[in-house]
Amino acid sequence: MPELPEVEIVKRSLKNKVNHKKIKKIIINNRNLRFKVQKNFANILEGRTVIDILRFSKYIILSFDDLSFCLIHLGMSGTIHLIDNKKNNKITNLSFYHSKILPKKHNHIKIKFPNFMIVYNDPRRFGFFKLFKNKKDLSKYFEKKGPEAISTKFNYKYIKKKLTNKDKNIKNFLLDQNFVSGIGNIYANEILFYCKISPFKLAKKISNKDIFKISKYSKQVLNLAIKYGGSSIRDFKNTKGTSGSFQNEFKVYGRENKNCTTMNCRSKISKIFLSNRSTFFCKLCQK
Ligand SMILES: [Zn+2]
């Protein structure tokens, strides 16, 4: 499943291609995504020009010339492909998770621009497209979501206020999108290792020093992952066809029974399931 860094890479790829381009035609092959694509979706968007592409957490947001918006969520398996008419219909994968080429099946939405086409593929159909008439409606959609982990709003004061007196463990807190947006399972594991905090520690027992670390390392880990082009857990590649390489930098995720990377720590990385999610940690370093 793409997390914030991978979605950011997709957003940048899309921005390179579709910014300031006008939508010519939209073909919908299957409306049954996580939420049904609205009936007049194509009519509404045809003729509109993309004026910006933004991202909040794991949502890609297309902004249009009439000040409306289209939200895209890739769900578990959504990928965006580009077919370039100018280059003999060369297909480039803007986001791919499962395949390097455009699959024959599950191409649910096609958006045609002059000279190229964007194809949304999603075998598991957990992704979705949602339209908003204006900024007010869009903001309302996000109002209950916590600040992005990489924003300055995710700071000591905010975290302290939220964690005080809470019995929930810190890992589940980091995965709660109403507390902080954009941290998925991979990065929750990594961030807690950098912080040297046990994933099982209850929120109310987190020290002030550790709160500073959570704020600091959340930003550091996610920004580093973006810099590395995301994590290619399966087949994630960017527009140039190169893989993200942050998976080579993982300290704990997927490293069960491997040596802890902390200097002078002789422990091995443990893996257990916590609330049904794989949880990787060093039992000596993370207290
Ligand atoms: Zn260790």
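What counts and how
Residues numbered from 1 in each chain as written. Predicted model: local features only at pLDDT ≥ 70, side-chain atom pairs only at ≥ 80, totals over all residues. Heavy atoms only, no water. Donors = N, O, S within 2.8 Å, 3.2 Å for Na, K, Ca; no water. Tetrahedral: all angles 85-135°; square planar, octahedral: opposite > 155°, others 65-115°. Helix = DSSP H or I, 4+ residues; strand = E, 2+ residues; numbered from the N terminus. Buried < 20%, exposed > 50% of the residue type's maximum accessible area, 1.4 Å probe, protein only. Axes fitted to C-alpha atoms, helices over the stretch in contact; angles between N-to-C directions. Parallel < 35°, antiparallel > 145°, perpendicular 65-115°, else oblique. Left-handed = near helix turned anticlockwise from the far one by under 90°. Contact = heavy atoms within 4.5 Å. Nonpolar A, V, L, I, M, F, W, Y, C, P; charged D, E, K, R; others polar. Pairing = 2+ DSSP bridges. Arc of directions from axis to C-beta. Salt bridge = Lys/Arg side-chain N within 4 Å of Asp/Glu carboxyl O.

Peer 1: Even after reading the chapter, I still don't get the coordination of the zinc ion, so can you show me in this structure?
Peer 2: For a metal with four tetrahedral donors the ideal donor-metal-donor angle is 109.5 degrees, whereas six octahedral donors ideally subtend 90 or 180 degrees. The protein atoms that coordinate the zinc ion are Cys260 (SG), Cys265 (SG), Cys282 (SG) and Cys285 (SG), at distances of 2.2 to 2.4 Å. Angles of 107 to 113° at the metal separate the four donor atoms of the zinc ion, which places the site in the tetrahedral class. Read in sequence order, the donor residues coordinating the zinc ion give the pattern C-x4-C-x16-C-x2-C. Remark: cysteine 282 occurs in strand E11 (residues 277-282) and cysteine 265 occurs in the loop between helix H7 (208-227) and strand E10 (269-274); sequence separation between them is 17 residues. As far as the burial class goes, cysteine 265 and cysteine 282 line up, both buried.

Peer 1: What exactly am I supposed to notice about the packing of helix H4 (residues 156-163) against H7 here?
Peer 2: Helix packing for two helices is described by the angle between their axes and how far apart those axes are. Two numbers describe how H4 lies on H7: the axes approach to 9 Å, and their chain directions differ by 120°. Relative to H7, H4 is oriented oblique. Crossing geometry of H4 relative to H7 is assigned as right-handed. Touching Tyr156, Ile159, Lys160 and Leu163 of H4 are Asn208, Ile211, Phe212, Ile214 and Ser215, all from H7. In the contact of H4 with H7, the residues fall into six nonpolar, two polar and one charged.

Peer 1: Before we go on, may I ask you to explain the pairing of strand E4 (residues 69-73) in this structure?
Peer 2: Remark: a regular strand shows side chains that alternate across the two faces of the sheet. Taking burial as the measure, the five residues of E4 include five buried ones, the bulk of the element. Side chains of E4 alternate between two faces, with Phe69, Leu71 and His73 and Cys70 and Ile72 buried alike. Inspection of the sheet shows strand E3 (residues 59-64) paired to E4 by five bridges, in the antiparallel sense. Bridge pairing in E4 places serine 63 opposite phenylalanine 69. Between E3 and E4, which follow one another and run antiparallel, lie four residues, and leucine 67 among them has a positive phi close to 70°. With five bridges connecting them, E4 and strand E9 (residues 128-132) associate as antiparallel partners. Following the sheet pairing, isoleucine 72 is matched in E9 by phenylalanine 129.

Peer 1: What is the right way to read H4 from this model?
Peer 2: In an α-helix, one full turn covers 3.6 residues, which means residues spaced three or four apart are oriented alike. Within H4, burial applies to Tyr158, Ile159 and Leu163. The buried residues of H4 all sit within an arc of 115° when viewed along its axis, so they share a single face. H4 presents Lys157 and Lys161 as exposed residues on the side facing more than 90 degrees away from its buried surface. Buried residues along H4 sit against helix H5 (170-175) and H7.

Peer 1: What is the right way to read the pattern of salt bridges from this model?
Peer 2: Side chains bearing opposite charge may pair, as long as their charged atoms lie close to each other. Applying the stated criterion across every chain, the model contains ten salt bridges. Two residues, lysine 213 and aspartate 210, come together in a salt bridge whose shortest N-O distance is 3.8 Å. Within this pair, lysine 213 and its partner aspartate 210 are both found in helix H7, separated by three residues, close to a single helical turn. Relative accessible area serves as the criterion here: at 25%, lysine 213 is assigned to the partly exposed category. Residue aspartate 210 is classed as buried on the basis of its relative accessible area of 11%. What emerges from the salt-bridge pattern is a single network uniting Glu8, Lys11, Arg12, Arg55 and Glu148.

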